[in-house]
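Single-letter residue listing:
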Amino acid sequence: MTQEKAKLRMPMPNLDDKVFWEGCKRHELLIQKCQDCGEKRFFPAPTCTKCASGNTEYIKASGKGEIFSFTTTYNTFGPQLVGHVPLTIIVVKLAEGPLLRWSNLVDCKPEDVRIGMPVEVVFEDVSPEVTLPKFRPA
Amino acid sequence: MTSLKDKCAIVGVGNTKYVRGSGVSTLSLAIECSKKAMDDAGLGPKDIDGLLTFCLGEPLSMSDLAQSLAIPQVNFQFDITGGGNNGSGVVITAAAAIEAGLATNIMCVHAINRFSGVRYGAGGFNNFAAPFGKVQAGQAAALYAQRHMHDYGTTAEQFGAIPLTFRKHAIPNENALMRTPLSMEEYLKSRIVSTPLRLYDCCLETDGGVAVIVSSAEQAKTMRKKPIYIMAGAANTQGPGLDMGGDTPELYTTYGAKYVAPRLFGTAGITPKDIDFAQIYDAFTIYVLCQLEGYGFCNKGESGSFVEGGKRITYGGELPLNTSGGHLSEGYVRGMNLIAEAVRQLRGECGPRQLKDVEIGLTTSAPNPGGALILRR
């Protein structure tokens with residue numbers, strides 16, 4: 001008997017990250033830049049993690065970077081990942097500096113993934129409401 | 001600066017059986033281990049006037065527990081939201097509250113039905129995790145493990161030395177869930193959960209409860225068992241960086257331990273060399289490696305060779321680890337069973353798995369933020 005493909009829980013944008021998710025819908029990868037110290041950061045948050053300034057704005061990232069770490073998951077953890085494994089989860093060191101946690105690597109066999117591999121963003125339109133930023137080998 | 005060094009002691013520990021399928025509520029598990037800890041200390045309900053717990057996924061109310069144990073008055077209690085990073089933290093918080101006069105005897109309790117109740121992976125509501133299939137703590141651990149192997153050349157056999165050694169420790173432990181020997185061949189052949197972590201790199205989803213009673217050092221001397229003094233402790237110490245681990249490769253595989261260690265050893269007035277054994281938070285093998293480095297038992301990047309072959313980390317070695325089998329083989333009660341084991345080792349109650357001549361032990365809670373206790377007899 002084949003089990004039905006599990007539905008992954010989709011983002012529920014909140015007051016801290018809704019600008020990011022709106023950007024994804026336009027196929028723009030947004031990160032934040034502190035207007036006081038210049039630090040660029042990810043995840044979206046009200047203040048800078050280096051200087052705590054709330055003077056911040058979103059900038060469009062190039063979408064390029066390299067794999068900082070990865071794991072290919074084979075376990076479905078009960079029903080949760082049925083139909084999705086093997087699934088490669090990645091941390092990306094963006095060209096602009098910050099680590100993007102987390103995303104998936106697509107268009108790449110699990111055995112070919114390496115730390116340091118150049119990647120670029122690719123946007124997956126899941127529904128009219130949700131677009132997920134994923135990455136593929138660059 | 002005032003110091004908590006030796007001001008308080010652990011006077012009672014109690015635990016349920018660790019099983020897969022308890023058939024009872026977490027409140028029932030909490031009641032059982034609490035009664036055992038009270039009996040261990042020679043204390044009754046009227047003596048316990050403080051309660052602390054931490055919970056994630058399954059609520060456990062200390063107010064309910066107080067009523068269930070017929071405690072007539074509670075002077076200090078908190079139900080803390082959080083997971084395995086909190087075990088050592090609640091114990092040192094109990095010591096601080098006692099020293100501040102908020103309560104006299106505080107019981108720290110944790111109980112979970114992690115096998116039969118809310119399973120791991122059922123959380124994951126982070127907008128940047130669940131949509132990408134990152135639903136389980138092991139996947140985060142795997143990302144750190146991958147980076148450790150990449151940066152330091154840590155091998156699968158070095159990872160494997162940890163579950164093999166801890167399994168050996170669990171065999172004489174009647175309350176351990178896993179008591180059959182594990183070979184390197186079995187380890188290497190076991191299924192991959194999430195690369196590079198295999199089945200045996202992951203702890204056991206367990207049903208069980210542990211209670212630990214803290215009192216002032218003065219009161220402790222009058223109680224049933226030999227006091228085990230709290231030399232130092234840390235509750236959820238954290239360094240810079242979002243999420244677990246910071247944003248540089250070095251920080252990424254260090255966790256909270258790096259930030260816990262200086263204050264912890266400083267308060268205790270000792271160095272890592274003075275530690276006779278450690279019960280290291282081992283939800284996943286990579287956490288053990290990173291904490292060995294973070295607490296200064298070896299240099300950064302050298303934990304793989306430190307554990308290789310298992311000799312240093314077993315009976316007679318320079319730093320015996322997880323002498324009950326730890327979370328990997330005894331059971332996973334979010335660090336609290338590690339504290340119970342440390343107390344019993346220092347009391348000399350461990351029978352066939354008793355270490356010889358131990359005076360000072362370390363228990364940890366991880367990953368980041370991190371906590372720890374240094375205990376002595």
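Residues numbered from 1 in each chain as written. Chains lettered and ligands numbered in written order. Predicted model: local features only at pLDDT ≥ 70, side-chain atom pairs only at ≥ 80, totals over all residues. Heavy atoms only, no water.

Caption draft 1: Quick look at the sheet that holds strand β2 (residues 40-41) of chain A. Residue and element names in this part refer to chain A. Spatially, β2-β1-β3 is the arrangement adopted by the three strands of the open sheet, whose pairing is antiparallel. Edge strands, defined here as strands with exactly one partner in the open sheet, are β2 and β3 (56-60). Relative to β3, strand β1 (residues 30-34) runs antiparallel, the two being bridged by five bridges. Pairing of isoleucine 31 across the sheet is with isoleucine 59, part of β3. (Pairing = 2+ DSSP bridges. Helix = DSSP H or I, 4+ residues; strand = E, 2+ residues; numbered from the N terminus.)

Caption draft 2: Inspection of the pairing of strand β3 (residues 76-81) of chain B at higher detail. Residues and elements named next belong to chain B. Here strand β2 (residues 50-55) pairs with β3 via six bridges, running parallel. Across the sheet, leucine 51 pairs through a bridge with glutamine 77, a residue of β3. In this fold, β2 hands off to helix α2 (residues 62-68), which returns the chain to β3; that crossover is right-handed. (Right-handed = clockwise from strand over helix to strand, strands pointing away.)

Caption draft 3: Spatial organisation of the interface of chain B and chain A. Contact with chain B, which involves 36 residues of that partner, is made by 39 residues of chain A. Taking both partners together, chain B and chain A bury about 3,300 Å²; carbon and sulfur atoms supply 61% of that area. Taken together, the links from chain B to chain A amount to zero salt bridges. Broken down by secondary-structure element, the contributors of at least two residues to the side of chain B that touches chain A are α4 (137-152), β5 (192-194) and α8 (249-252) of chain B. (Contact = heavy atoms within 4.5 Å. Buried area = accessible area lost by both parts, 1.4 Å probe. Salt bridge = Lys/Arg side-chain N within 4 Å of Asp/Glu carboxyl O.)

Caption draft 4: Fine view of helix α3 (residues 87-99) of chain B. Residues and elements named next belong to chain B. End to end, α3 covers 19 Å across 13 residues, agreeing with the expected 18 Å (1.5 Å per residue, within 8%). With respect to burial, α3 is a largely interior element, 10 of its 13 residues being buried. Within α3, burial applies to Gly87, Ser88, Gly89, Val90, Val91, Ile92, Ala94, Ala95, Ala97 and Ile98. Positive phi appears at glycine 101, one or two residues downstream of α3, with a value of about 85 degrees. (Expected span 1.5 Å × (residues − 1). Buried < 20%, exposed > 50% of the residue type's maximum accessible area, 1.4 Å probe, protein only.)

Caption draft 5: Layout of the side chain of B:Gln146. Here B:Gln146 lies in helix α4. On the basis of relative accessible area, B:Gln146 is assigned to the buried category, the value being 11%. The residues contacting B:Gln146, other than those within four sequence positions of it, are A:Ser69, A:Phe70, A:Thr71, A:Ile115, B:Thr195 and B:Pro196.

Caption draft 6: Quick look at the sheet that holds β2(B). Residue and element names in this part refer to chain B. On the basis of which strands lie adjacent, the open sheet formed by nine strands has the order β3-β2-β4-β7-β1-β8-β11-β10-β9 and mixed pairing. If you trace the sheet from one side to the other, it starts and ends with β3 and β9 (277-279), each paired once. Adjacent strand axes in the sheet meet at a mean angle of 25 degrees, parallel and antiparallel pairs treated alike. In this structure, strand β1 (residues 8-15) lies alongside strand β7 (residues 207-216), joined through seven bridges in antiparallel fashion. Across the sheet, glycine 14 pairs through a bridge with alanine 211, a residue of β7. Running at roughly 115 degrees to strand β8 (residues 228-237), α3 makes contact with β1, β2, β3, β4 (105-113), β7, β8, β10 (360-365) and β11 (370-376) of the sheet. Packed on one face of the sheet, helix α9 (residues 257-268) meets β8, β10 and β11 and runs near 155 degrees to β8. (Axes fitted to C-alpha atoms, helices over the stretch in contact; angles between N-to-C directions.)

Caption draft 7: Representation of the environment of B:Glu99 within the structure. Residue and element names in this part refer to chain B. Following the sequence through the fold, glutamate 99 ends up in helix α3. According to the relative accessible area criterion, glutamate 99 is partly exposed, its value standing at 42%. Taking the C-alpha atoms as reference points, glutamate 99 and proline 72, 27 residues apart in sequence, are found 22 Å from one another. Contacts of glutamate 99, omitting those with residues within four sequence positions, involve Leu4 and Lys7.

Caption draft 8: Representation of the pattern of salt bridges. Residues and elements named next belong to chain B. Considering all chains together, one arrives at 21 salt bridges over all chains under this definition. With a shortest N-O distance of 3.4 Å, arginine 224 and aspartate 39 are connected by a salt bridge. Placement of the pair is arginine 224 in the loop between α7 (217-220) and β8 and aspartate 39 in helix α1 (residues 26-41), with a sequence separation of 185 residues. Comparing arginine 224 with aspartate 39, the two get one shared label, exposed.

Caption draft 9: Quick peek at the confidence of the model for chain B. Per-residue confidence for chain B averages 93 on the pLDDT scale, and 96% of its residues sit at or above 70. At the level of chain-chain contacts, confidence expressed as ipTM amounts to 0.94, with global pTM at 0.95. (pLDDT = per-residue confidence, 0-100.)

Caption draft 10: Region of interest: the packing of helix α5 (residues 156-170) of chain B against helix α10 (residues 285-294) of chain B. Residue and element names in this part refer to chain B. The interhelical angle for the contact between α5 and α10, taken along N-to-C directions, is 105 degrees, at an axis separation of 9 Å. It follows from the interaxial angle that α5 and α10 lie roughly perpendicular. Contacts from Phe159, Ile162, Pro163 and Phe166 in α5 reach Thr285, Ile286, Val288 and Leu289 in α10. By residue class, the composition of the contact of α5 with α10 is seven nonpolar, one polar and no charged. (Parallel < 35°, antiparallel > 145°, perpendicular 65-115°, else oblique. Nonpolar A, V, L, I, M, F, W, Y, C, P; charged D, E, K, R; others polar.)

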